[in-house]
Amino acid sequence: MPEGDSLARVERRLSPVLLGQSILRSQLRVPSLATVDLSGRTVTDVSAYGKHLFLQFDGGDLLHSHLKMEGTWRVVDAGATWGAQASRVRAVLETAGHTILGIDLGTLEAMTPSSRAELENRLGPDPLHRWDEEEALGRLQNRPERGIGLALLDQQVIAGLGNVFRSEVLFLSRLHPERTVGSLSEDALRSVVQLSARQLVENAARPSRRTTPTTSRERYYVDGRAGRMCVRGPARISHGTLADPELQRGWVGGDSQRLDAVARDVFWCPRCQATPNAAR
């Protein structure tokens, strides 16, 4: 599931093959970009922010993508087979040495630098690109009635933090996902913010994501482990879903008018993580 660390890996993978390169041929396979031709344009910047990726071209124009749940960017050698069904490919950028494919992209659109700035300003601080702990803490505290599990998925609090890290951070913090923000002390909330940022930074530097020590057979403490034993003691991991269309609209994906479309899995240990609304 693409989160901020995934986008950092995409940024590292695409930069060496795109930055400073001239596009020989392009195909943007979405209706709004059907007439856009990037041939002859030079890529001047490849950068991510939160779960968003931006490719900038000479003249300042930007190509903005969001991977949503299943999207990916793939690099293959020039002339090589794509390794993906053509119907799933939304973007094709060819350089002298490589073909870059945007596959199953949730969003692909043209954007101006000012539009990018507006988007990033709506998002919360990004631990990998523009981090401000105090701002993130303030945004988290701004809605004390929200459950902490929902608040951590809000990209306007911490950009790039997603479903996997949400569950893992709450487990490490010993907090039930339905605990309200307002029921937690400032020190507890600051610890959650710091741990969230640290998880993103540490995982962005790894070839693949994990939250447990490298000596562990498990990649995650709770995520995806429903019904299995907690690593801390004799309890089985619980699983549920959380959804708030107002918080998730435009950032997570799905029809925001249907809770089942925007609901996201959450995992926790009923023994380790305090019951909702317990004082702390």
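A. Structural view of the environment of Glu70. When you line up the elements, Glu70 lands in the loop between β4 (62-66) and β5 (72-77). Taking the C-alpha atoms as reference points, Glu70 and Pro2, separated by 68 residues in sequence, lie 7.5 Å from one another. Setting aside anything within four residues of it in sequence, one finds Glu70 in contact with Ile103 and Asp104.

B. Representation of the packing of helix α5 (residues 163-172) against helix α6 (residues 186-204). Between α5 and α6, the least distance of the axes is 10 Å, while the angle of their chain directions is 130 degrees. Comparing the axis directions of α5 and α6 gives the class oblique. Of the two elements, α5 crosses α6, and the hand of that crossing is right-handed. Contacts between α5 and α6 involve Phe165, Val169 and Leu172 from the former and Val192, Leu195, Ser196, Gln199, Leu200 and Asn203 from the latter.

C. A look at the packing of aromatic side chains. Applying the stated criterion across every chain, the model contains one aromatic pair. Seen from their ring centres, Phe171 and Tyr221 are 5.3 Å apart, and the 25 degrees between their planes marks the pair as stacked. Here the residue Phe171 occupies a position in helix α5, and Tyr221 occupies one in the loop between α6 and β9 (238-242), the gap between them amounting to 50 residues. The class for Tyr221 is buried, based on a relative accessible area of 16%. Between Arg232 and the ring centre of Phe171, over which it is positioned, the NZ or CZ distance is 3.9 Å.

D. Layout of the packing of helix α3 (residues 133-141) against α6. Where α3 meets α6, the closest approach of the two axes is 10 Å, and the angle between their N-to-C directions is 120 degrees. In terms of axis orientation, α3 runs oblique to α6. The interaxial crossing formed by α3 with α6 has right-handed handedness. Between α3, through Glu133, Glu134, Ala136, Leu137, Leu140 and Gln141, and α6, the contact on the second element is made entirely by Glu186, Leu189, Arg190, Val193 and Gln194.

E. Quick look at the nonpolar core. Of all hydrophobic cores here, the largest spans 24 residues; its most connected members are Leu14, Leu18, Leu53, Leu55, Leu63, Trp73 and Leu108. Listed by contribution, the elements that provide at least two residues to this core are α1 (4-18), β2 (43-49), β3 (52-57) and β6 (89-94). The element that contributes the greatest number of residues to this core is α1, accounting for five residues. Other than its neighbours up to four places away in sequence, Trp73 contacts Val10, Arg13, Leu14, Leu53, Leu55, Ser65, Leu67, Ala91, Ile100, Leu101, Gly102 and Leu105.

F. Representation of the side chain of Thr211 within the structure. You can see Thr211 is positioned in the loop between α6 and β9. Among the polar contacts made by the side chain of Thr211, one reaches the side chain of Glu168 at a distance of 2.4 Å.

G. Broad picture of the sheet that holds β2. In space, the four strands of this open sheet follow the order β2-β3-β4-β8, with antiparallel pairing throughout. Lying at the two open borders of the sheet, with one neighbouring strand each, are β2 and β8 (107-111). Adjacent strand axes in the sheet meet at a mean angle of 15 degrees, parallel and antiparallel pairs treated alike. Two strands pair when backbone bridges link them, and β2 and β3 are joined in this way by six bridges, in the antiparallel orientation. Across the sheet, Val43 pairs through a bridge with Phe57, a residue of β3. Across the sheet, α1 touches β2 and β3, and the angle it forms with β2 is around 175 degrees. Packed onto the sheet, helix α2 (residues 113-122) meets β2, β3, β4 and β8 and runs at close to 160 degrees relative to β3.

H. Examining the pattern of salt bridges more closely. Taken as a whole and judged by the stated rule, the model has 17 salt bridges. A salt bridge links Asp104 to Arg88; its shortest N-O distance comes to 2.8 Å. You can see Asp104 sitting in the loop between β7 (98-103) and β8 and its partner Arg88 sitting in the loop between β5 and β6, a full 16 residues away along the chain. Ionic pairing is found between Arg130 and Glu120, a salt bridge with its closest N-O pair at 3.9 Å. Here Arg130, found in the loop between α2 and α3, pairs with Glu120, found in helix α2; they are ten residues apart in sequence, far enough to count as distant.

I. Structural detail: the pairing of β3. Burial analysis of β3 places five of its six residues in the buried class, which makes it a mostly covered element. As judged from the five bridges shared by β3 and β4, these two strands associate in the antiparallel manner. Paired with Leu53 across the strands is Ser65, a residue of β4. The antiparallel hairpin formed by β3 and β4 contains four residues in its connecting segment, where Gly59 sits at a positive phi of about 100 degrees.

J. Structural detail: α2. Among the residues of α2, those classed as buried are Arg116, Leu119 and Glu120. Relative to the axis of α2, the buried residues are bounded by an arc of 95 degrees and lie together on one face. Packing partners of the buried residues in α2 comprise β2, β3, β4 and β8.

About the criteria used
- Residues numbered from 1 in each chain as written.
- Predicted model: local features only at pLDDT ≥ 70, side-chain atom pairs only at ≥ 80, totals over all residues.
- Heavy atoms only, no water.
- Helix = DSSP H or I, 4+ residues; strand = E, 2+ residues; numbered from the N terminus.
- Contact = heavy atoms within 4.5 Å.
- Axes fitted to C-alpha atoms, helices over the stretch in contact; angles between N-to-C directions.
- Parallel < 35°, antiparallel > 145°, perpendicular 65-115°, else oblique.
- Left-handed = near helix turned anticlockwise from the far one by under 90°.
- Phe/Tyr/Trp six-rings, centres within 6.5 Å; stacked < 30°, edge-to-face > 60°.
- Buried < 20%, exposed > 50% of the residue type's maximum accessible area, 1.4 Å probe, protein only.
- Lys NZ or Arg CZ within 6 Å of the ring centre and 35° of its normal.
- Core = buried A, V, L, I, M, F, W, Y, C linked by side-chain atoms within 4.5 Å.
- Polar contact = N/O pair within 3.5 Å; in protein donor to acceptor, adjacent residues only side chain to side chain.
- Pairing = 2+ DSSP bridges.
- Salt bridge = Lys/Arg side-chain N within 4 Å of Asp/Glu carboxyl O.
- Arc of directions from axis to C-beta.

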